[in-house]
Amino acid sequence: MTRPPVLGVPLNDAKTDDLYLDLTQSNQRLNSDQELGYEVLVGLSSLPKRLPSHLIYDDRGSELFQRIMGLPEYYPTRCEEQILRAYAREILNSVAKRPFNIVDLGAGDGKKTMILVEEAQRMKVDFRFVPIDISAGAMRGLVSRVRTEHPDVAIQGLVAEYTAGVRWLASQSDGRSNLVLFLGSNIGNFDRANARGFLSRLWASMRVTDRLLIGFDLKKDIDRLLAAYNDSEGVTAEFNLNLLDRLNKELEADFDRSRWRHFGTYNVFSGAMESYLVSMEHQTVHINRLERLFTFEPWEPIHTEYSYKYLPADMDSLAADSGYRVEARFLDQDGWFSDDVWAPIKRPVEADLSPAE
Ligand SMILES: C[S@@+](CC[C@H](N)C(=O)[O-])C[C@H]1O[C@@H](n2cnc3c(N)ncnc32)[C@H](O)[C@@H]1O
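The rules behind the values
Residues numbered from 1 in each chain as written. Predicted model: local features only at pLDDT ≥ 70, side-chain atom pairs only at ≥ 80, totals over all residues. Near = placed C-beta within 6 Å. Nonpolar A, V, L, I, M, F, W, Y, C, P; charged D, E, K, R; others polar. Core = buried A, V, L, I, M, F, W, Y, C linked by C-beta atoms within 7 Å. Buried ≥ 20, exposed ≤ 12 C-beta atoms within 10 Å, placed from the backbone. Contact = placed C-beta atoms within 7 Å. Axes fitted to C-alpha atoms, helices over the stretch in contact; angles between N-to-C directions. Helix = DSSP H or I, 4+ residues; strand = E, 2+ residues; numbered from the N terminus. Left-handed = near helix turned anticlockwise from the far one by under 90°. Pairing = 2+ DSSP bridges. Right-handed = clockwise from strand over helix to strand, strands pointing away. Parallel < 35°, antiparallel > 145°, perpendicular 65-115°, else oblique.

> With reference to specific residues and values, describe the site of the ligand.
Around the ligand lies a shell of 17 residues, among which His54, Tyr57, Gly106, Gly108 and Gly184 are the nearest. Among the residues forming the shell around the ligand, the class breakdown is seven nonpolar, seven polar and three charged.

> How would you sum up the nonpolar core? Please name residues and give values.
In this structure, Ile102, Val103, Val180 and Leu181 are the most contacted members of the largest nonpolar core, which totals 89 residues. Those residues in contact with Val103, other than ones at most four positions away along the chain, are Val130, Ile132, Gly165, Leu169, Asn178, Leu179, Val180 and Leu181.

> For the packing of helix 3 (residues 75–93) against helix 4 (residues 113–122), give the residues involved together with the corresponding values.
Across the interface, helix 3 lies against helix 4 with an axial gap of 9 Å and an inter-helix angle of 35°. Note that helix 3 runs across helix 4; the crossing there is right-handed. Residues Glu81, Leu84, Arg85, Ala88, Arg89, Ile91 and Leu92 of helix 3 form the contact with helix 4, whose own contacting residues are Ile115, Leu116, Glu119 and Ala120. Residues that form the contact of helix 3 with helix 4 fall into these classes: seven nonpolar, no polar and four charged.

> So what about the pairing of strand 4 (residues 127–133)? Which residues, and what values?
Strand 4 sits mainly inside the fold: six of its seven residues count as buried. In the sheet, strand 3 (residues 100–105) pairs with strand 4 via six bridges, with the strands oriented parallel. Across the sheet, the residue bridging to Val103 is Val130, located in strand 4. In the classification by handedness, the crossover that spans strand 3, the intervening helix 4 and the parallel strand 4 is right-handed. Here strand 4 runs beside strand 5 (residues 154–155); their pairing, made up of two bridges, is parallel. Following the sheet pairing, Phe129 is matched in strand 5 by Ile155.

> So what about the environment of Gly37? Which residues, and what values?
Take Gly37: it is sitting in helix 1 (residues 33–45). Taking the C-alpha atoms as reference points, Gly37 and Leu290, 253 residues apart in sequence, are found 6.6 Å from one another. Apart from residues lying up to four places away in sequence, Gly37 is in contact with Leu251, Arg289 and Leu290.

> Mind laying out the environment of Asp217, listing which residues take part and the relevant values?
Here Asp217 lies in strand 8 (residues 211–217). Distance in space between the C-alpha atoms of Asp217 and Pro76 is 6.9 Å, their sequence separation being 141 residues. Apart from residues lying up to four places away in sequence, Asp217 is in contact with Pro76, Ser185, Gly188, Ser307, Lys309, Tyr310 and Phe337.

> Kindly report on the packing of helix 1 against helix 9 (residues 235–251), identifying the contributing residues and their values.
Two numbers describe how helix 1 lies on helix 9: the axes approach to 11 Å, and their chain directions differ by 130°. By the angle class used here, helix 1 and helix 9 are oblique. The crossing of helix 1 and helix 9 is left-handed. Facing helix 1, whose interface residues are Asp33, Leu36, Gly37 and Val40, helix 9 presents Leu247, Glu250 and Leu251. Per-class residue counts for the contact of helix 1 with helix 9 are four nonpolar, one polar and two charged.

> Go over the pairing of strand 10 (residues 272–279) with me, naming the residues and quoting the values.
The element strand 10 is largely enclosed, with a buried count of six among its eight residues. Bridge count for strand 10 against strand 13 (residues 301–308) is seven bridges, and the pairing is antiparallel. Residue pairing for strand 13: Ser275 is matched across the bridge by Glu305.

> Provide a residue-level description of the sheet that holds strand 10, including the pertinent values.
Ordered in space as 2-13-10-9, the four strands form an open sheet in which the pairing is mixed. With one partner strand each, in any of the chains shown, strand 2 (49–50) and strand 9 (260–267) form the two edges of the open sheet. Here helix 9 sits on the sheet in contact with strand 9, strand 10 and strand 13, set at roughly 120° to strand 9.

Shown next, in the form of structure tokens:
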């Protein structure tokens, strides 16, 4: 059965110099001004007020996140890098029996993924690299770096929401396997129910020969968690406050960031690091493109991000509840972070049994 193209823009029709496709710029714009406006209108009209975390990643937000990953307090990147360096070959062997795609959902700067890409090159296996990210800036940077530093790597980047990436996966019918990456604790941005929902949708797009490599930040000393989200240089605060600048720029709002502060806290009960922007005084903000005024009370928060932390038992039940078998679990030396290889539990269809084209 031929699967439908994603949003009417089949990848194979991309012009050869189109190393990435911006699906947000296609007819069915995913993150148009209207969509941003709608998300902000809904979020700031809710009680308590909240904004979806993906809005933090405009071009400046992505640059700031890259700085965060280099901070001494931000352990997840170092831990995951250690895991990937130690187990790259084992991970790749889970899909390398036939040609495959490395599909990186929320790829960011892709630096850690390059550990897998370089190992796949050393193994001389047939693979394509398909990074997907909502941030056009991050995608531009990643694709041009790969093109310069690894001209032999076949790369096709997608500027798109995770869900469009999942639909892209379902649209592939060339018999290749997929190693789907969800690294950097991206899953932590979903609460438990939404994590199950997202992984179940991903399951529906995967074939029996595909594998998911998923990074979980593990529960650990609370002080270490707090430090990672409240770094001494204030980069995480800047990352969060940048969201107000984005709304000023893109929706013609008049947030005055000197009246706001970043607050990162750990909820021991839910197991989530939670990030907020807190209004330090009574204020009214005009968002011109929404033709709305929003009032904030002193110390009223806007929730901006969750980063859920996991116990191995939580990961096991999440896998089971969303249709996967845990095939391997790789931890860093400190036991702070885990990259799991999950296999979708499903029956093979004919295409999965025949060799890829
Ligand atoms: C925490 S960073 C991790 C980046 C990378 N995976 C890593 O491990 O270094 C999250 C990345 O996911 C992207 N992202 C966040 N929400 C997204 C969404 N809903 N759809 C697509 N990308 C998203 C961001 O732009 C950012 O690059």
